[in-house]
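So the chains spell out like this:
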Amino acid sequence: MPDVPHAADLTVPDSALAKEATALVRDATDDLIYHHSRRVYLFGSLLGRARGLECDQELLYIGAMFHDLGLNEEFRTSGRRFEVDGAEEAAAFLRAHQVPEDAVRRVWTAIALHTTPGVPEFMEPEVALVTAGVEYDVLGIDYDRISPDDRAAIVALHPRPDFKRRILAAFTEGIAPKPETTFGNVKADVLAHFVPGFQRGDFVTVIRESAWPE
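Below is a short write-up of the structure. Per chain, residues are indexed from 1 in the order of the written sequence. The model is predicted, so local features are restricted to residues of pLDDT at least 70 and side-chain atom pairs to those at 80 or more, both for listing and for counting; the totals for chains, interfaces and linings are taken over all residues. Here the side-chain values reflect all heavy atoms present in the structure, with hydrogen atoms and water set aside.

Below, the discussion takes up the overall build of the protein. Within the protein, the regular secondary structure consists of 10 helices and 0 strands. Working definition: helices are DSSP H or I runs of at least four residues, strands are E runs of at least two. Numbering for both runs from the N terminus. Written out in order from the N terminus, the α and β elements of the protein read α-α-α-α-α-α-α-α-α-α. Taken over the C-alpha trace, the protein has a radius of gyration of 18 Å; the compact-globule value for 214 residues is 17 Å, and the two agree within 12%. Here the C-alpha coordinates of the protein stretch approximately 60 × 40 × 35 Å along the principal axes. When accessible area is computed with a 1.4 Å probe and restricted to protein chains, residues below 20% of their type maximum are described as buried, those above 50% as exposed, and intermediate ones as partly exposed. Burial analysis of the protein (214 residues in total) assigns 47% to the buried set. Throughout, a contact is declared for two residues whenever any of their heavy atoms are within 4.5 Å. At a minimum sequence separation of 6, the contacts of the protein that also span at least 24 residues come to 66%. For the accessible areas, the method is Shrake-Rupley and the probe is 1.4 Å, while residue cover comes only from the protein chains on display. Accessible area for the protein stands at about 11,000 Å²; split by element, carbon and sulfur atoms hold 55% of it. Working convention for charge: Lys and Arg count positive, Asp and Glu count negative, and His plus the chain ends are omitted. Charge coordinates come from a single atom per side chain, which is NZ of Lys, CZ of Arg, CG of Asp or CD of Glu. Within the protein, the 35 negative side-chain charges are centred at a point lying 3 Å from the centre of the 22 positive side-chain charges. We take the radius of gyration over the C-alpha atoms and set the globule estimate at 2.2 Å times the residue count to the 0.38 power.

In this section: empty space enclosed by the protein. Here a cavity denotes grid points, spaced 1 Å and computed from the protein atoms alone, that fit a 1.4 Å probe unable to get out, and a pocket denotes an open set having protein on both sides within 12 Å along at least 5 of 7 lines; residues with an atom within 4 Å of a point are the lining. Grid points are joined across faces, edges and corners, and a volume is the space filled by probe spheres set on the points. With the rule as written, the count across this model stands at 1 cavity of 30 Å³ or more. A volume near 40 Å³ is recorded for the largest cavity. In this classification, the charged set is Asp, Glu, Lys and Arg, the nonpolar set is Ala, Val, Leu, Ile, Met, Phe, Trp, Tyr, Cys and Pro, and all remaining amino acids, among them Gly, are polar. Of the residues contributing to the lining of the largest cavity, the split by class is 2 nonpolar, 3 polar and 3 charged.

By the element assignment, Asp68 lies in the loop between α3 (57-66) and α4 (82-96). Buried within the structure, Asp68 lacks any salt-bridge partner; Lys187 is the closest side chain of opposite charge, at an N-O distance of 6.4 Å. Pairs of N or O atoms are called polar contacts if they sit within 3.5 Å, as long as, within protein, a hydrogen donor faces a hydrogen acceptor (for residues adjacent in sequence, only side-chain-to-side-chain pairs). Here His67 takes part through its side chain, which lies 3.2 Å from a polar atom of the side chain of Asp68. Here Asp68 is in contact with Ile33, His36, Phe82, His114, Ile167 and Phe171, once residues within four sequence places are set aside. By salt bridge we mean one thing: a side-chain nitrogen of Lys or Arg within 4 Å of a carboxyl oxygen of Asp or Glu.

Right, let's talk about the environment of Lys164 for a bit. Mapped onto the elements of the fold, Lys164 is located in helix α8 (residues 163-175). Overall, Lys164 belongs to the exposed group, its relative accessible area being 64%. In this structure the C-alpha to C-alpha distance between Lys164 and Pro196, which are 32 residues apart in sequence, comes to 20 Å.

For any two aromatic rings, the description comes down to two numbers: the centre-to-centre distance and the angle of the planes. By convention, a stacked pair of Phe, Tyr or Trp rings (six-membered ring in the case of Trp) has centres within 6.5 Å and planes under 30 degrees apart, an edge-to-face pair has planes over 60 apart, and any other such pair is tilted. Enumeration according to the criterion identifies 4 aromatic pairs in this entry. Considering the side-chain rings of Phe66 and Phe93, the 5.3 Å spacing of their centres and the 40 degrees angle between planes classify their relative orientation as tilted. Taken together, the residues Phe66 in helix α3 and Phe93 in helix α4 connect sequence positions 27 residues apart. Summarising the aromatic geometry, the rings of Tyr136 and Tyr143 are spaced 5.9 Å apart at their centres and angled 15 degrees between planes, so their arrangement reads as stacked. Residue Tyr136 is classed as buried on the basis of its relative accessible area, which comes to 4%. The partly exposed category is assigned to Tyr143, whose relative accessible area is 42%. Each residue in the set Phe43, Tyr136 and Tyr143 is aromatic and connected to the rest through ring pairs, giving one cluster. Positioned above the aromatic ring of Tyr34, the side-chain terminus of Arg26 is 4.2 Å from the ring centre. Distance and angle both matter: a charge sits over a ring if NZ of Lys or CZ of Arg is within 6 Å of the ring centre and within 35 degrees of the ring normal. Over the aromatic face of Phe171 sits the side chain of Lys187, whose NZ or CZ is 4.2 Å from the ring centroid.

Bringing the nonpolar core into the picture now. Ranked by size, the top nonpolar core spans 42 residues in total, and within it Tyr41, Ile62, Phe66, Phe93, Leu94 and Val107 carry the most contacts. Taken together, the elements giving at least two residues each to this core come down to α1 (16-28), α2 (31-51), α3, α4, α5 (101-112) and α6 (125-139). Among residues more than four places away in sequence, those in contact with Val107 are Leu59, Ile62, Gly63, Ala90 and Leu94. Take the buried Ala, Val, Leu, Ile, Met, Phe, Trp, Tyr and Cys residues and link them wherever side-chain atoms come within 4.5 Å; each set so joined is a nonpolar core. One finds Phe82, Ile167, Val190 and Phe198 within the second-largest nonpolar core, a separate group that totals 13 residues.

On to the packing of α2 against α8. It is at 11 Å that the axes of α2 and α8 come closest, and there the two elements cross at 110 degrees. As summarised for this structure, α2 and α8 are arranged roughly perpendicular, according to the angle between their axes. Each of Leu32, Ile33, His36 and Arg39 in α2 lies in contact with α8, whose residues at this interface are Phe163, Arg166, Ile167 and Ala170. Its residues assigned to classes, the contact of α2 with α8 shows 5 nonpolar, 1 polar and 2 charged. Angles here are taken between N-to-C directions and fall from 0 to 180 degrees, while the axes themselves are lines fitted to C-alpha atoms, restricted in helices to the stretch in contact. Between 65 and 115 degrees an angle is taken as roughly perpendicular, under 35 as roughly parallel, over 145 as roughly antiparallel, and anywhere else as oblique.

Printed below as a string of structure tokens:
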């Protein structure tokens, strides 16, 4: 089987760095996250072409592959947003391979901001396109921007059986142990739906109850 859909005319980076990242994520995650991460790269690449964006495909690939690694069990007591945990793992991986700091920064930012809508699209292409790929695969944003043939080819290569339910379950499992990290971000919606008794942080209440005396 070819590594990428012929209809999409894409190539997955085959550098030693990309291959090692693939092996690491394949070993560290289940089929759900692995196939989702590969789709994020492929969809992000196609959307980049549609938007006329040129980027470092290897960095986009690393960002896509690591973007949900922070959902893993070992990070559930970190006290940090899962996006930051994934970003830190990617940064450590890249630094271990002597990747320049500017590239590390772009990948870190792409992962850290991938659930922060309205910001990444104005940043470097690698940052914008990780989020675009995530939004396409999870939320269906710009769904018709990719042709049905290309979409079907990518899903045939990286299937998404029962994906909506399973990804919501993965979000819940990864974030429920540290609910405080959902303050001000979209993952509060996940816990509100699936964790009985969850109380989301309220920005107005935080201001009114702050230590300031006035």
